[in-house]
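Structural characterization, general
If you want the building blocks of each chain, they are given just below.
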Amino acid sequence: MSAQAPSAVVLVRAERFVPNQATAADNAFQAAPPADRSSAQISSQALAEMDAVARMLREAGVRVHVFADSDHTRPDSVFPNNWLSTHAGGSVAVYPMYASNRRHERRADVLEMLKSSYRVQTIIDYSGLEPDGIFLEGTGAMVLDHVSRVAYAAVSHRADTHVLERFCTDFGYEPMAFDAVDSAGVPVYHTNVMACIGTDVALVALEMIPDEARRAAVRERLTVNGRQVVELTEAQVREFAGNAVELCGRTAQGRRRYLMAMSSRARRSLRDDQVAVIEESCEILDVDIPTIELAGGSVRCMIAGVHLDRRRDDGHRPASAAVAAIDEERGLGA
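Let me sum up the structure you'll find in this document.

About the cut-offs
Residues numbered from 1 in each chain as written. Predicted model: local features only at pLDDT ≥ 70, side-chain atom pairs only at ≥ 80, totals over all residues. Heavy atoms only, no water. Core = buried A, V, L, I, M, F, W, Y, C linked by side-chain atoms within 4.5 Å. Buried < 20%, exposed > 50% of the residue type's maximum accessible area, 1.4 Å probe, protein only. Helix = DSSP H or I, 4+ residues; strand = E, 2+ residues; numbered from the N terminus. Contact = heavy atoms within 4.5 Å. Lys, Arg positive; Asp, Glu negative; His and termini not counted. Salt bridge = Lys/Arg side-chain N within 4 Å of Asp/Glu carboxyl O. Polar contact = N/O pair within 3.5 Å; in protein donor to acceptor, adjacent residues only side chain to side chain.

Turning next to the nonpolar core. Judged by nonpolar contacts, the single largest core of 39 residues is most densely connected at M194, L203, M260 and I278. Taken together, the elements giving at least two residues each to this core come down to β7 (150-154), β8 (174-178), β9 (195-197), β10 (201-204), α5 (212-223), β13 (256-263) and α8 (272-278). Here the element with the most residues in this core is β10; it accounts for four residues. Non-local contacts of L203, meaning those with residues more than four positions away in its chain, are made with M194, A195, C196, V230, L232, A241, M260, M262 and I278. Grouped together as the second largest cluster of nonpolar side chains are 33 residues, A46, A295, V299 and I303 included.

This is how it looks when you write it as structure tokens:
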């Protein structure tokens with residue numbers, strides 16, 4: 001298994017999706033739904049897009065765990081990467097969330113599935129920091145280089161440097177925080193809209209880091225192990241070109257295939273020379289999710305990667321009835 005590209009993911013099938021009004025204030029990528037579409041229509045269209053993402057990944061040989069969510073009070077639950085991350089060696093992190101109506105997206109059944117299907121040694125829960133008003137929204141707030149052990153973070157309300165440093169101490173990463181803003185001076189709300197790190201390639205909008213010395217330091221740190229950097233423009237970031245994720249799938253013959261998953265909107269924004277650099281190391285997979293993108297996130301935000309060793313079906317730790325009932329993956333026999 002690649003250190004950077006997980007071969008399994010967690011998705012949430014949010015049946016009551018709508019753009020979250022509680023996050024609109026600092027999410028410059030969020031857009032209002034078209035006036036001629038009802039909430040029911042928005043939810044229905046988004047559900048079809050979620051199913052398309054799951055189908056695309058399964059067809060590419062990625063193991064997909066889908067959890068249903070019918071709770072209308074969790075409009076952003078389709079983005080589980082903000083509250084959950086997993087790490088090689090058996091560690092799991094649970095994060096403090098900025099918007100109060102996102103805090104109950106954290107789900108014990110997802111954690112139980114991970115413990116029953118994968119080798120989990122410890123779960124570190126930072127959500128108790130929420131009453132102190134400090135937040136770190138998972139792999140939205142951070143973009144993790146699992147190869148060089150660096151945590152990149154654009155400082156914002158959703159990425160507090162104190163929590164970042166605590167996470168890095170607990171999980172063995174080097175913190176690399178920086179300010180990042182758009183052309184209007186608005187801070188980037190989540191690092192993963194402007195940066196994606198793969199094994200051999202990184203997509204990053206360095207021009208959104210105004211401090212030239214810090215920009216150069218980020219570029220140097222990304223390339224120290226030979227990784228190629230594809231520099232994105234702010235215009236491409238607004239098309240979600242930075243909100244991609246590298247995954248490890250399988251061919252029909254069982255061979256590994258490295259994939260860069262992104263939205264079709266993001267793929268259309270890339271120039272031919274950028275595509276060529278990406279495809280030197282991985283295959284681009286894209287899917288059209290315009291309704292979900294109204295919420296200010298794209299394909300990367302929908303995916304919580306599983307960087308854990310899988311348990312074998314040796315009877316050592318059978319899944320509970322509750323986990324078997326809600327984990328769609330088990331019902332598919334994959």
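One non-glycine residue, R149, adopts positive backbone phi at about 60 degrees. Locating R149 in the fold gives a position in the loop between β6 (142-145) and β7. Overall, R149 belongs to the partly exposed group, its relative accessible area being 30%. For F240, which is not a glycine, the phi torsion comes out positive at approximately 70 degrees. Structurally, F240 is set in the loop between α6 (234-238) and β12 (245-250). Residue F240 is classed as buried on the basis of its relative accessible area of 1%.

What follows is about the side chain of D160. Considering the arrangement of structural elements, one finds D160 in the loop between β7 and α4 (161-171). At 9.3 Å, R166 is the nearest oppositely charged side chain to D160, a buried residue that forms no salt bridge. A distance of 2.8 Å separates a polar atom in the side chain of D160 from the backbone nitrogen of H162. When residues no more than four places from it in sequence are discounted, the contact partners of D160 are I134, F135 and L136.

A separate point is the pattern of salt bridges. Side-chain pairing between opposite charges can occur once the charged atoms of the two side chains come close. Under the counting rule described, the total for this entry stands at 19 salt bridges. Notably, a salt bridge pairs R13 with D51, separated by 2.7 Å at the nearest N-O pair. Of the two residues, R13 is situated in strand β1 (residues 8-14) and D51 in helix α1 (residues 39-59); the sequence distance between them amounts to 38 residues. Residue class for R13 comes out partly exposed when judged on its relative accessible area of 24%. For D51, a relative accessible area of 27% corresponds to the partly exposed category. Between R74 and D69 there is a salt bridge, with its nearest N and O atoms 2.7 Å apart. Assessed through its relative accessible area of 14%, R74 is described here as buried. Looking at D69, the relative accessible area reads 3%, which means it is buried. The structure contains a network of salt bridges with shared partners spanning D69, D71 and R74.

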